[in-house]
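One letter stands for each residue in the lines below.
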Amino acid sequence: MKLSRKIFLIFFASVGITLVFGVLSALYFGSNGVQKTFEEKQLESALQLIDSIDRTMYERYLDIESIAGLVIFQDVVKDKGDEKLVKDADYLLKKLLSTSGPWNSLYILNKDGEVAVSSETEIKENILLNTEIKKAFEQALEGKTYYSDVVKISDENTIVFSSPIVDRAERGKLAKGVAIGFYSWPVIEEIIENIKDREVFLINSRGVGIYSNSKEGENVDTHNHQNHPTFRKALKDKNGVMETSSFHGETQVLSAYVLQKGYLQYAGSGWILVQEVPMNQIFLSVFKVIIPILLIFLVVIVVSPLVLYLLVKNKVILPITEITKITKSYQTGSLDLRVKINTKDEIGELGEAFNSMANRLSEIYTGLERKIKERTENLDRNIELLKEKNEALDKNKSAMLNILEDDRLLEEALKAEKANVEKKVEERTRELSRTKARLDSSIQNLPVGFLMIDIFGKLVVSNSLANELLGGDSDKNIEKLKVVLKDKIDVDKYIKDCGHGSSNLKFSDIEMDGKYFQFLLSPIMAKEIAESCIGIVVLIQDITEAKILERSKDEFFSIASHELRTPLTAIRGNTSMILEYYAEAIKEPELRAMVDDIHESSIRLINIVNDFLNVSRLEQNRMEFDIKEFDLGEIIKETLKEFDVTGSRKKLSLDYTEGETKLPKVLGDADKVRQVLINLVGNSLKFTEKGGITVSTELLDKEVKVLVTDTGRGISLKQQNLLFHKFQQAGASLFTRDTAGGSGLGLYISKMMLGGMGGEIKLEKSEEGKGSTFSFTVPKA
Amino acid sequence: MTKILIVEDDPLMSRMYQKIFKFEGFEVDFASNGEEGLEKIRITKPTLVLLDIMMPKMNGLEVLEKLKLDPETKAIPVIMLTNLAGTQDAEAALAKGAVKYIIKSENEPKQVVNMVKEILAGYTRNDVPNISPTS
């Protein structure tokens, strides 16, 4: 952008900004100031108006006093007998009384209230019947000059003035009479009516309108404005200006109010004069004042930058443009042009400096041309020298050829060496292919499917088993692999990530074409290569057979359980029925004992079968635990009830010692806890001959401990180590096993069951011949 | 007379339970597989059914399911009588509407009769809950 345009834009912007600020501030300060002046003017004119009213009233005050004085004067001159003066005074009085002027009527009354002289031709019988006049008469009779507020006499507004007629010599005595005048109210009305540019309201001290020049309805004049804000403000502040609603409506007005101040002896009646100017009229007048100012302002701020702009353009930009033009001409090589600027300012200096620079440049330029010529001559000389040197070099060349012959011999030696290396490489390659063949054959003969995939997802090698299992070759195999494993892993991602983070993966039980397979995925890491990961290996193993085997093992347990126990249950059931229903038929005691034994054997067999099955389940983690919250105390009580100790031939006691504090709920499989307890109590009963068994509980931090203490034969230290092991009753050897009846699995099963519930069983203490204490724990709920 | 139907494939078991219920004065009938059992229940409307689980043709749980679907037979109380010891089977049977689950090897025949008596005392034929109280 050109400088001139920039400057113009800056000017333009500054003018705009100044304009906006100027207008806004002019409007703001201007309107405020003008309104202020306007308010002052209003107040001033209101004060003047009330003052002129006060002065008029004061004149009437003086009038009535002078009339009273004139009566005295007349009396005095009468007494002195001066005919002429009497005549003059008479004339004066009559003239006064007959003057309509500001007075409606004037009366001279004697002290009895009779009219002596009057301006009226027809006098009513007794003017004192009117209370206002009577009051004025009485007040004056007391010796005071009096004036009333605006009152109505003969239906006309007026103000009653009265003054006592007292001889100066007899001052202090009762007045001889009274002069009374009714002031002609229209005089005031005229004063107010003369004001045209605003509405004026005159209100008496009680807020009742006396007179107004308002055209807005007749009732305004006499309306009671007692509660109007302007009236109340006037009572309070005497004079002032305020924005408020008009006396005759909702119009917003600027209201100037003044309280009657009086003039000298006339103190006034407390009237209030209010002037109203509508607000919109004020705004109009404000604008009338401001707009010419704004126009001048506008002209000044638009014109002055323009002048400034022209100045800058002529004095700065044009010279600079010229300098630029000349500088450009220098680029073409001619240095002849010079700047013509004659001003004495900075631009002038710039021009001068430029010219002297141009002179200097032109000097240097001519100097340079001379130097170039000199250098060219030097160069020519040097080229001569070079030619001489070249000749010398040619001589050296023949010496070089000899050296090249030596090089040829060296090359032959190298060739021989190369042949040797190639032979070695061939040997290695053969060796490698043998290794590869061995590897291939191992891979092909692997009993599992083998796939090797490179990092780009391409099949490197697969054995025939893999092809058979996946039903295809190369890429088809990989596709099949992805489909089969899609629920387990994203194969593409595994291949991509194999170098970092992914490790060997194993997926069992993958079903494919009705058979079960195990997949092993493993990245191939090559330590010698920077990239490290070169692909993955997939091994596929058919586990269908193993699975069938496993399932049949599962089924074996339930079938064995069912099949073994069914005949045993039949033996047990039938013998018990014989004992119960055919007691008569087997009266023979020997026979009965035998049937009894068969019955008991069947029970024992069932228990042993149950124990065996439980051990298998526990060892294979196939035991189901139904872990719930339960009341351990209740379980202990119920379990002990099942033991019939009183009926046994040994007469042992079996007690449950309940703790003092109530047992908290525990978490476990109640049925299994019951079985453990049955085992422990059963063992104790088995190995105790006299005394009894006590079950008690103990509260631990996180669990409850159940203790089973007996007074049995106790367990030797050596035997203690064998406890809780499979088939280890605390007996010495297989052949000296205790025949107390049982599988020898009870404690082992108990230990395993508690293990499944987070509990523990142990031998607390045992002393041979005195008894043992076993304990187990169950976690608190 | 109270009629008990024993559905049991193993003749040893079947005979034993027939005997004990006869001894205890019940009218007893029996079926030796699931299908036959279902048929007999529909025709004879026994007071109570003792139902084995492992049986040929139709297993006990299937029979129970069919019984409970049929409005004619769903009110007949059914006791599962088995030698399978898994708690899962017990829960499955009770969930399907069996009144009780008795493991044969753990109870004397007389105990089984007592349990049946107890149940019959507790419920009339028309007032059998779908899911029984636990034992």
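About the thresholds
- Residues numbered from 1 in each chain as written.
- Chains lettered and ligands numbered in written order.
- Predicted model: local features only at pLDDT ≥ 70, side-chain atom pairs only at ≥ 80, totals over all residues.
- Helix = DSSP H or I, 4+ residues; strand = E, 2+ residues; numbered from the N terminus.
- Buried ≥ 20, exposed ≤ 12 C-beta atoms within 10 Å, placed from the backbone.
- Contact = placed C-beta atoms within 7 Å.
- Nonpolar A, V, L, I, M, F, W, Y, C, P; charged D, E, K, R; others polar.
- Pairing = 2+ DSSP bridges.
- Axes fitted to C-alpha atoms, helices over the stretch in contact; angles between N-to-C directions.
- Core = buried A, V, L, I, M, F, W, Y, C linked by C-beta atoms within 7 Å.

1. Notes on the overall build of chain B
Here is step 1 of the chain: Looking only at helices and strands, chain B has five helices and five strands in total.
Here is step 2 of the chain: In chain B, the succession of helices and strands from N to C terminus is β-α-β-α-β-α-β-α-β-α.
Here is step 3 of the chain: For chain B, buried positions account for 40% of its 135 residues.

2. Looking at the interface of chain B and chain A
Here is step 1 of the chain: Contacts between the two partners involve 19 residues from chain B and, on the opposite side, 18 residues from chain A.
Here is step 2 of the chain: Within the residue set of the side of chain B that touches chain A, elements represented by two or more residues are α1 (11–23), α4 (87–95) and α5 (109–122) of chain B.
Here is step 3 of the chain: A total of six residues in the side of chain B that touches chain A trace back to one element, the largest contributor, which is α1 of chain B.
Here is step 4 of the chain: Looking at the side of chain B that touches chain A residue by residue, the class counts come to nine nonpolar, five polar and five charged.

3. Brief notes about the sheet that holds strand β3 (residues 48–51) of chain B
Residue and element names in this part refer to chain B.
Here is step 1 of the chain: The strand order across the open sheet built from five strands is β2-β1-β3-β4-β5, with neighbouring strands paired in parallel fashion. Across the chains shown, the open sheet's two edge strands, defined by having one partner strand only, are β2 (27–31) and β5 (100–103). Neighbouring strand axes in the sheet, compared pairwise and without regard to direction, differ in orientation by 20° on average.
Here is step 2 of the chain: Note: strand β1 (residues 3–7) against β2, five bridges, orientation parallel. Opposite V7, over in β2, you have A31 as the bridge partner.
Here is step 3 of the chain: Helix α2 (residues 34–44) contacts β1, β2 and β3 of the sheet and is inclined by roughly 165° relative to β1.
Here is step 4 of the chain: This element, α5, spans β1, β3, β4 (78–82) and β5 of the sheet and lies at about 175° to β5.

4. Regarding the sheet that holds strand β9 (residues 252–259) of chain A
All names here are of chain A.
Here is step 1 of the chain: Ordered by their spatial adjacency, five strands build an open sheet running β7-β6-β10-β9-β8, and the pairing between neighbours is antiparallel. One side of each edge strand has no neighbouring strand; the edge strands of this open sheet are β7 (209–212) and β8 (240–245). Across the sheet, the mean angle from the axis of one strand to that of its neighbour is 25°, orientation sign disregarded.
Here is step 2 of the chain: Across the sheet, helix α6 (residues 279–331) lies against β8, β9 and β10 (272–278), angled at about 60° from β10, the strand it touches most.

5. Quick word on the nonpolar core
Here is step 1 of the chain: If you look at the biggest cluster of nonpolar residues, it comprises 60 residues, and the most contacted ones within it are F137, V178, A179, I180 and L273 of chain A.
Here is step 2 of the chain: Looking at this core, the element that brings in the most residues is helix α1 (residues 3–80) of chain A, giving ten residues.
Here is step 3 of the chain: Discounting residues that sit within four places of it in the chain, F137 of chain A has contacts with L109, G113, L128, S162, V178 and I180 of chain A.
Here is step 4 of the chain: Counting 38 residues, the second largest nonpolar core, distinct from the first, contains I4, L38, L48 and A90 of chain B.

6. Re the pairing of strand β20 (residues 703–710) of chain A
When a strand is regular, its side chains alternate between the sheet's two faces.
Residue and element names in this part refer to chain A.
Here is step 1 of the chain: Within β20, six of the eight residues are buried, leaving the element largely enclosed by the surrounding structure.
Here is step 2 of the chain: As judged from the seven bridges shared by strand β19 (residues 692–699) and β20, these two strands associate in the antiparallel manner. Residue V695 lies in a different strand from β20, and its bridge partner there is V708.
Here is step 3 of the chain: Linking two consecutive strands that pair antiparallel, namely β19 and β20, is a turn of three residues.
Here is step 4 of the chain: Sheet topology note: the β20/strand β22 (residues 771–779) ladder contains seven bridges and is antiparallel. Bridge assignment links K705 to a residue of β22, and that residue is T777.

7. What about the environment of F8 of chain A?
All names here are of chain A.
Here is step 1 of the chain: Mapped onto the elements of the fold, F8 is located in helix α1.
Here is step 2 of the chain: The exposure class assigned to F8 is partly exposed, which follows from the 17 C-beta atoms found within 10 Å.
Here is step 3 of the chain: Sequence-wise, F8 and L308 are 300 residues apart; in three dimensions their C-alpha atoms are separated by 9.9 Å.

In short, geometric facts, not functional conclusions.
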